[in-house]
Amino acid sequence: MASANTSWSEENFSCPICLDVFSSPVSTPCGHNFCRTCINKFWDEQVQCKCPICNQMFDTRPDPQVNIFVSEMADLFRTTVRVKEGPCFEPGEVPCDVCTGTQLKAVKSCLVCLISYCQTHLEPHQRVAGLKKHRLVEPMDRLEDRMCKNHDRLLELFCQTEQVCVCQYCTEGDHKSHPVVPLKEEYEVKTALLGKIEAEVQQMIQERKLKIKEIKDMVEFSKKDADGVIADGGQVFTALMRRVEKCRDDFNQTVKERLKTTEKQAEDLIKELEQEIEDLTNRSSEVKPLSHTKDHLHFLQAFRSLKDPPPTRDWTTVEVRPPSYVGTLRRSLDQLEETLNMEMKKLPHDELKRVQQYEVDVTLDPDTANVWLILSEDGKQVHDGGVVKKLPDNPKRFTWYTCVLTRQSFSSGRFYFEVKVKDKTVWCLGVARESIDRKGWTGLTPETGNWTLNYNKNGLVFRDNPAVRLPLRAELQKVGVFVDYDEGLVSFYDVEARVHIYSATGCTFSEPLYPFLDPCDHEIGRNSAPLIISPVNQTD
C-alpha cells in the first residue's frame, strides 16, 4: 500500500468513542474497531461487556488484539491528510475535547463519555444507536469535577446541612434527611450573600479612609493647638528675667515631644488602617471575580473554599486626641508663682478658654442622691430640702454624705463642666471614682477616690491629706471643673474672674470618674440655694 486514498474522510479512520483518528486500534469479536484505551475504559464502566456500536453482549470480557491493517491506515491517514480547521472557541465557551489542533466550540457534553463535543464530533451520538442513549447536556467544562465520586451521577443538588453539592442518589443515602435544593437556587442565595460581603468590604474600606482623614485632620489641629500653646508660653516666659529661660525651654520641649508622640500615634494608626485597606482590597479582589461567575457548581465549590475575611479592628471608637498642655503649663507656672503674678492674670483667660472646649452635658442621677436631697426635673439642680424622703435602698445611693453623682461617667480623654455656686454658704464639688464608698464616712480625698473643692466660712480648700488651703476669692459665683483622665489632671477655675484656682496633678485614674456635687446642709434656710450645672458661656 503506497498511499492513502485522500478522498476518504476522517470518519473512516476515527474511533466511534473518542471520534479522533485511531490510536492503537483493536477489533472486537463482532468486528468493530476502537482505540484500545477507549474500549477498555468503556468496558470498565459497564456491568456486562458489550459493543458500543451494535450492542452485542459478550459473556466474558474480550481481549481485543491490535488491528494491524487499520493501525497502518490510520497512521498513513494522519500523516497525509490534514483536518480542516474551523474557528476556535471564544473565551468563556467550552472547547471540544475531541478536536485536534484548533479546538472548536462544544455544543453538547456527554455525561456518559465525560467529553464535550463540537457539532461535527457530536454526529455519532446522533446517529449510532448505542451512543444515542447517552445523556447529553449543555456544554460544561471540567466534567469529571461535576460528577458524584460515589455514584458517578451529575451533581445537580446542594445539601444545605453539610453545604456540599450532591447527586440525586446521594439524597437517598447519606443525605436522605437533609434539606436539598437545586444548584441554581443555592447559587442565587450565595450570589446575594457574596454581593452583601462585597458591599460590606467596600464600606469598611470607605470607613477606614474616612478615619485616616479624621486622624490627619486631628493631627493638623494638634499642630495648630501646639503652636498656640507654645506662643502663649512664649509670651509668659519672655517677660521673665534670664533665670526663667531654662524653664521656658523645658516647657517648649515638652510640648513638642507630646506633639511628636501624638504624630507617632497617628502615623501608627494610619499605617494600620492602610494595612487593613490593603487586606480588604485583596479580599475584594478574591470576592469580586467569583461574583461574576455564572457556573453554579464552580461558584459554590469556590465559595466554600473562600478564605475567612482578614481580621480587622473596630475603628468606631478609635481616635487620636490632641495632647493636653494645660497641666504642663500649670506645673511650670506653679514653680514661678511669685515672679509670675502679673503674667498669671493674663494666662488663665486663655487657659480657661482652651479647657472650656471640652464641655460635656451631664445630668444628676437620682439613684445616687442622698435622701435629704431634692433634684430638679431636668437633673441640673440639687439642694438640701431639709426633709428626709422615703426612697428605695439603692446600693448606688449615698447615705452619709449629702451628695449626688451624674448619670454620665468618663473613662478616658478630657471633660469639663461648670457649676453655679452663687448664694451658697457651704458646698463641695469635683469628681469621684465609681467605687467610692457611698454608705460610710471615709473622708473625701484622692486617697478614697474623691478630687473635690470645698467652700465654707473658713475659706476655700482642696480636700487632700493634708488639705490644701487656697486664697479666698470674693463673690465666687461659678466654678469650672476640668479633668484630663489620661494625664491625671483635675483643675478648678473661677469662671467669672476667669482665674485658675487649683490643679491636682499626677493623679492616677483606673476606673470611671463621675462629676460629684454636694450642696451640704441647708442650715435652716441659709444654705438652701441649689448647686446648678450650667452651660458654658465662652464670651470674652
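In this text, all values refer to a predicted model and were calculated from it rather than measured experimentally.

Participant: Mind showing me how you'd approach the sheet that holds strand β13 (residues 414-420) here?
Facilitator: Paired through backbone hydrogen bonds, the strands of a sheet run either parallel or antiparallel to each other. Spatially, 7 strands are ordered β10-β11-β22-β13-β18-β19-β20 in an open sheet, and the strand pairing comes out antiparallel. Bordering the open sheet on either side are β10 (373-375) and β20 (499-504), each of which pairs with just one other strand. Each strand axis lies, on average, 20 degrees off the axis of its neighbour in the sheet, ignoring direction. Judged from the 6 bridges that link them, strand β18 (residues 478-484) and strand β19 (residues 489-494) form a sheet pairing that is antiparallel. The partner of Phe482 across the bridge, within β19, is Ser491.

Participant: How should the sheet that holds strand β9 (residues 180-182) be read in this particular structure?
Facilitator: Strand order in the open sheet made by the 3 strands is β8-β7-β9, with antiparallel pairing throughout. Each edge of the open sheet carries a strand with a single partner, namely β8 (164-166) and β9. Strand-to-strand, the axes of this sheet are offset by a mean angle of 35 degrees, without reference to chain direction. Summarising the sheet, strand β7 (residues 157-159) and β9 pair through 3 bridges and their orientation is antiparallel. Residue pairing for β9: Cys159 is matched across the bridge by Val180.

Participant: Could you clarify how one ought to interpret the packing of aromatic side chains in this entry?
Facilitator: We describe a pair of aromatic rings using the distance from one ring centre to the other and the angle between the two ring planes. One pass over the full model with this rule turns up 11 aromatic pairs. Taking 5.9 Å as the distance between ring centres and 40 degrees as the angle between the ring planes, the aromatic pair formed by Tyr358 and Phe482 counts as tilted. In this pair, Tyr358 sits in the loop between α9 (341-356) and β10 while Phe482 sits in strand β18, placing the two residues 124 residues apart along the sequence. Each member of the pair, Tyr358 as well as Phe482, carries the same accessibility label: buried. Residues Phe462 and Tyr502 carry aromatic rings whose centres are separated by 4.8 Å and whose planes lie at 35 degrees to one another, so their mutual orientation is tilted. Here Tyr502 lies in strand β20 and Phe462 lies in strand β16 (residues 459-462), a separation of 40 residues in the sequence. Of the two residues, Phe462 and Tyr502, both sit in the buried class. In textbook terms, an aromatic cluster arises when at least three aromatic residues are bridged by ring pairs, as seen for Tyr187, Phe299 and Phe303. Its guanidinium or amino end placed over the ring of Tyr169, Arg153 lies 4.9 Å from that ring's centre, counting from NZ or CZ.

Participant: Got a minute to help me understand the pairing of β16 in this structure?
Facilitator: For a regular strand, side-chain orientation follows a simple rule: the groups alternate between the two sheet faces. The pairing of strand β15 (residues 450-456) with β16 spans 4 bridges and is antiparallel. Counted as the bridge partner of Asn454 is Val461 from β16. Linkage of β15 to β16, two consecutive antiparallel strands, is achieved through a turn of 2 residues. Linking β16 to strand β17 (residues 468-470), which pair antiparallel, is a turn of 5 residues.

Reading guide: rules and limits
- Each chain has its residues counted from 1, following the order in which its sequence is written.
- Local features in a predicted model are, by the rule used here, given only for residues with pLDDT of at least 70; side-chain atom pairs are given and counted only at 80 or more, and totals for whole chains, interfaces and linings are based on all residues.
- Side-chain numbers come from the whole structure's heavy atoms, not from hydrogens or water.
- A pair of strands counts as paired when DSSP detects no fewer than two bridges linking them.
- Only DSSP runs of H or I with at least four residues qualify as helices, and only runs of E with at least two residues qualify as strands; both kinds are numbered from the N terminus onward.
- To define axes, lines are fitted to C-alpha atoms, for helices over the stretch in contact only, and angles between the resulting N-to-C directions are given on a 0 to 180 degree scale.
- Centres within 6.5 Å make a pair out of two Phe, Tyr or Trp rings, where for Trp the six-membered ring is used; the pair is then stacked when the planes are under 30 degrees apart, edge-to-face when over 60, and tilted otherwise.
- With a 1.4 Å probe rolled over the protein chains alone, any residue whose accessible area is under 20% of its type maximum counts as buried; one over 50% counts as exposed, and the rest are partly exposed.
- A ring is scored as having a charge over it whenever the NZ atom of a lysine or the CZ atom of an arginine sits within 6 Å of its centre and within 35 degrees of its normal.

The values reported here are purely geometric and, on their own, carry no functional implication.
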